[in-house]
Amino acid sequence: MTAWLIVLVLLVVLVAVWLLASVKILQEYERGVSFRLGRLRPVLEPGLQMIFPGIDKMVRVDLRIVTLTIPPQDVITKDNVPARVNAVVLFQVTDPVRSVMAVENHAVATSQMSQTTLRSVVGRADLDTLLAHRADLNEDLARSINAQTEPWGVQVKVVEIKDVEIPQAMQRAMAREAEAERERRAKIINAHGELQASEELGQAAEILSRNPASLQLRYLQTLLELGADHNSTVVFPLPMDIIGPFLNKVPQWLDQQGASRQGPGADQNATDQNATGQKTDVKTHD
């Protein structure tokens with residue numbers, strides 16, 4: 001009798017332990033995919049669930065967005081430039097049953113598919129597109145990866161290319177190209193400025209030519225502006241149309257001054273000298 005009592009107590013204890021081990025708690029962000037004797041059961045909702053050991057098996061599926069980092073991949077762009085590209089992928093399980101039934105490990109499968117798609121998409125783009133139009137590549141990556149993972153019940157939310165590493169020689173070549181492009185733009189801007197300035201100067205000259213007095217006023221205004229600084233030496237040119245009349249009168253004025261200095265007897269002395277010269281010439285003839 002005592003032996004049967006001990007066996008009964010042991011059975012009760014084992015049943016109690018078995019029932020306690022069957023109690024499972026699912027969080028709000030989790031779903032449970034359970035199998036009973038190998039057969040798929042309905043998805044278990046959050047809360048207290050009974051999973052009997054030896055009979056049932058449950059796989060917890062996290063429905064939160066998962067961040068997946070793609071390690072750097074060695075790729076060759078469309079224009080034959082080697083580069084190392086890494087990215088980040090955000091995905092979420094939308095169908096817990098398919099994420100368990102269709103693929104062995106949906107996280108590993110998504111990671112491998114993301115790496116392969118990254119190399120494929122970047123290999124179809126040139127280096128300028130990879131550096132300047134990264135948003136278009138991100139959208140293309142998201143569509144390509146999502147097309148592969150959707151049958152697994154996994155939806156790719158975002159794909160972002162994080163970093164692009166290129167060889168040092170290519171970086172120096174790109175720096176020289178950018179410098180040459182900036183110099184070209186600077187020369188074009190300078191040429192446009194000279195063209196606009198010449199057009200404005202032509203209009204100003206046309207307006208000033210209509211009234212000569214305006215040119216004189218402009219000269220006086222310039223002198224006034226230069227005169228504000230007392231420590232500068234200014235060489236101010238004058239146009240020939242202003243000083244021309246004065247230059248024409250200078251020879252006449254010099255002749256008048258010379259005649260006034262010689263006096264009235266200057267003509268008589270000049271006549272005597274000429275006569276003496278003639279007499280001398282005559283004597284020399286004889």
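Residues numbered from 1 in each chain as written. Predicted model: local features only at pLDDT ≥ 70, side-chain atom pairs only at ≥ 80, totals over all residues. Heavy atoms only, no water.

1. A look at the environment of N146
The line we're drawing: Here a helix means four or more residues in a row that DSSP labels H or I, a strand means two or more in a row labelled E, and each is numbered from the N terminus. Pairs of residues are marked as contacts when any of their non-hydrogen atoms sit within 4.5 Å.
Considering the arrangement of structural elements, one finds N146 in helix α5 (residues 134–149). As a C-alpha pair, N146 and M113 span 33 residues in sequence and 9.7 Å in three-dimensional space. With sequence-adjacent residues up to four places away left out, N146 is seen in contact with V154, Q155 and V156.

2. Here we look at the pattern of salt bridges
Threshold: Salt bridges, as used here, are contacts in which a Lys or Arg side-chain nitrogen is within 4 Å of a carboxyl oxygen on Asp or Glu. Whether a residue is buried, partly exposed or exposed follows from its accessible area with a 1.4 Å probe, protein chains only, as a fraction of its type maximum: under 20%, in between, or over 50%, in that order.
Counting across every chain of the model gives twelve salt bridges. Ionic pairing is found between D56 and R36, a salt bridge with its closest N-O pair at 2.6 Å. One end of the pair, D56, is in strand β5 (residues 56–62); the other, R36, is in strand β2 (residues 30–36), with 20 residues separating them in the sequence. With relative accessibility at 9%, the residue D56 sits in the buried group. With a closest N to O distance of 2.8 Å, D74 and R84 form a salt bridge. Pair noted here: D74 is in strand β6 (residues 66–76) and R84 is in strand β7 (residues 82–93), with a separation of ten residues, a long-range link. The exposed category is assigned to D74, whose relative accessible area is 56%. Judged by relative accessible area, which is 35%, R84 ranks as partly exposed. Connected through salt bridges with shared partners, the residues R36, R41 and D56 form a single ionic network.

3. Regarding the side chain of T117
Secondary-structure assignment places T117 in helix α3 (residues 106–123). Looking at T117, the relative accessible area reads 9%, which means it is buried. Among residues more than four places away in sequence, those in contact with T117 are L141, S144 and I145.

4. Describing the sheet that holds β6
As a reminder, the rule being used: When DSSP finds at least two bridges between two strands, those strands are taken to pair. Here an angle of 0 to 180 degrees is reported between the N-to-C directions of two axes, which are lines fitted to C-alpha atoms, with helices fitted over the stretch in contact.
The three strands are arranged β6-β7-β8 in an open sheet whose pairing can be described as antiparallel. Since the sheet does not close on itself, it has two edges, and those belong to β6 and β8 (154–165), each with one partner. The sheet shows a mean angle of 25 degrees between the axes of neighbouring strands, taken without regard to direction. Two strands pair when backbone bridges link them, and β7 and β8 are joined in this way by ten bridges, in the antiparallel orientation. Residue pairing for β8: F91 is matched across the bridge by V156. Against the sheet, α3 makes contact with β6, β7 and β8, and its axis sits at roughly 35 degrees relative to β6, the strand it touches most.

5. Structural notes on the nonpolar core
Generally speaking, nonpolar side chains in soluble globular proteins are found buried as a group. The cut-off we apply is this: Put simply, a nonpolar core is a bunch of buried Ala, Val, Leu, Ile, Met, Phe, Trp, Tyr and Cys residues held in one set by side-chain atoms that sit within 4.5 Å of each other. Domain delimitation in this document rests on an assignment produced automatically or drawn from a domain database.
If you look at the biggest cluster of nonpolar residues, it comprises 33 residues, and the most contacted ones within it are V85, L118, L130, V159, I161 and V164. Of all the secondary structure elements, the ones that give two or more residues to this core are β2, β6, β7, α3, α4 (127–132), α5 and β8. The leading source of residues in this core is β7, at six residues. Two domains share this core, each providing at least three of its residues, namely domain 1 (19–62) and domain 2 (65–166). When near neighbours in sequence (up to four residues on either side) are disregarded, I161 contacts V85, N86, A87, L118, L130, R134, L137, N138 and L141.

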